[in-house]
Amino acid sequence: LQYLRDNRDVYDQMSRRISAMKDSIHEMALKYNIPYRVNSTTGMLTGFFSKQDVRDYESAASCDKKDYETFFKLMLKEGIFFAPSQFEASIVTLRHKEKEIFKTIESYEKVFKAMAAS
């Protein structure tokens, strides 16, 4: 915690990483016509298969759980582990470098492409 107090710029770094990931994921969802929403905050993001914004429990509960299951399994095949429940956040840390973030975004593209084709 002392490190975070002394290096407040790390929050900006994490926010930039999440924002870049969110933007890339959104572009791919549009490209493949996948109804996908990403909610995020510093260092965390959660994706939902939904045509509408997810703002509360009711809107989260109405998301397509079958699509999330498909997404989860396809991402595992790509070597990317997300929580098995769409109600949990994924965390991006300072240990995740460009290589890992690029791999994740690349995997999103492959998975969305496969989902769009099925």
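For the structure, see preceding data.
Residues numbered from 1 in each chain as written. Predicted model: local features only at pLDDT ≥ 70, side-chain atom pairs only at ≥ 80, totals over all residues. Heavy atoms only, no water.

Student: Help me out: how do you make sense of the layout of surface pockets in this one?
Tutor: With a probe scaled to a water molecule rolled over the atoms, the places where space remains empty come into view. In this model, the largest pocket occupies a volume close to 290 Å³. Ile-80, Phe-81, Ile-91, His-96 and Thr-104 are the residues nearest the centre of the largest pocket, which is lined by 14 residues in total. For the lining of the largest pocket, the secondary structure elements donating two or more residues are strand 3 (90-91) and helix 5 (98-117). Broken down by element, the lining of the largest pocket gets its largest block of residues, four residues, from helix 5. Counted by class, the lining of the largest pocket contains nine nonpolar, three polar and two charged residues. (1 Å grid on protein atoms, 1.4 Å probe; cavity = no way out; pocket = protein on both sides within 12 Å on 5 of 7 lines; lining within 4 Å. Points joined across faces, edges and corners; volume = space filled by probe spheres on them. Helix = DSSP H or I, 4+ residues; strand = E, 2+ residues; numbered from the N terminus. Nonpolar A, V, L, I, M, F, W, Y, C, P; charged D, E, K, R; others polar.)

Student: So what exactly am I meant to see when it comes to the packing of helix 4 (residues 65-77) against helix 5 here?
Tutor: Viewed as axis vectors pointing N to C, helix 4 and helix 5 meet at an angle of 130°, and their least axial separation amounts to 10 Å. Considering their axes alone, helix 4 and helix 5 lie oblique with respect to each other. Between helix 4 and helix 5 lies a crossing of right-handed hand. Every residue of helix 5 that contacts helix 4 at Asp-67, Thr-70, Phe-71, Leu-74 and Met-75 is listed here: Thr-104, Ser-107, Tyr-108, Val-111, Phe-112, Ala-114 and Met-115. Here the residues of the contact of helix 4 with helix 5 are counted per class, giving eight nonpolar, three polar and one charged. (Axes fitted to C-alpha atoms, helices over the stretch in contact; angles between N-to-C directions. Parallel < 35°, antiparallel > 145°, perpendicular 65-115°, else oblique. Left-handed = near helix turned anticlockwise from the far one by under 90°. Contact = heavy atoms within 4.5 Å.)

Student: Explain the packing of aromatic side chains to me, please; I cannot follow it from the model alone.
Tutor: Considering all chains together, one arrives at 13 aromatic pairs under this definition. An angle of 80° between the planes, with centres 6.4 Å apart, marks the rings of Phe-49 and Phe-112 as edge-to-face. Highlighted residues: Phe-49 in strand 2 (residues 44-49) and Phe-112 in helix 5, separated in sequence by 63 residues. With respect to class, Phe-49 is no different from Phe-112; both count as buried. Ring centres 5.3 Å apart and planes at 45° place the aromatic pair Phe-71 and Tyr-108 in the tilted group. Here Tyr-108 lies in helix 5 and Phe-71 lies in helix 4, a separation of 37 residues in the sequence. (Phe/Tyr/Trp six-rings, centres within 6.5 Å; stacked < 30°, edge-to-face > 60°. Buried < 20%, exposed > 50% of the residue type's maximum accessible area, 1.4 Å probe, protein only.)

Student: Which parts of the structure should I look at to understand the side chain of Ser-90?
Tutor: Summarising the element assignment, Ser-90 is placed in strand 3. For Ser-90, the contacting residues outside a window of four places in its chain are Gly-43, Met-44, Leu-45, Thr-46 and Phe-82.

Student: Would you explain helix 5 in this entry?
Tutor: Spacing of three or four residues puts side chains on the same side of an α-helix, whose turn is 3.6 residues. With 20 residues, helix 5 extends 28 Å between its outermost C-alpha atoms, agreeing within 8% with the 28 Å of an ideal straight helix rising 1.5 Å per residue. For helix 5, every residue scored as buried is listed here: Ile-101, Thr-104, Ile-105, Ser-107, Tyr-108, Val-111, Phe-112 and Met-115. Projected onto a plane normal to the axis of helix 5, the buried residues spread over an arc of 160° and lie on a single side. Along helix 5, the residues that are exposed and aim more than 90 degrees away from the buried face are Glu-98, Lys-99, Phe-102, Lys-113 and Ala-117. In this structure, the buried residues of helix 5 make contact with helix 2 (9-31), strand 1 (36-41), strand 2 and helix 4. (Expected span 1.5 Å × (residues − 1). Arc of directions from axis to C-beta.)

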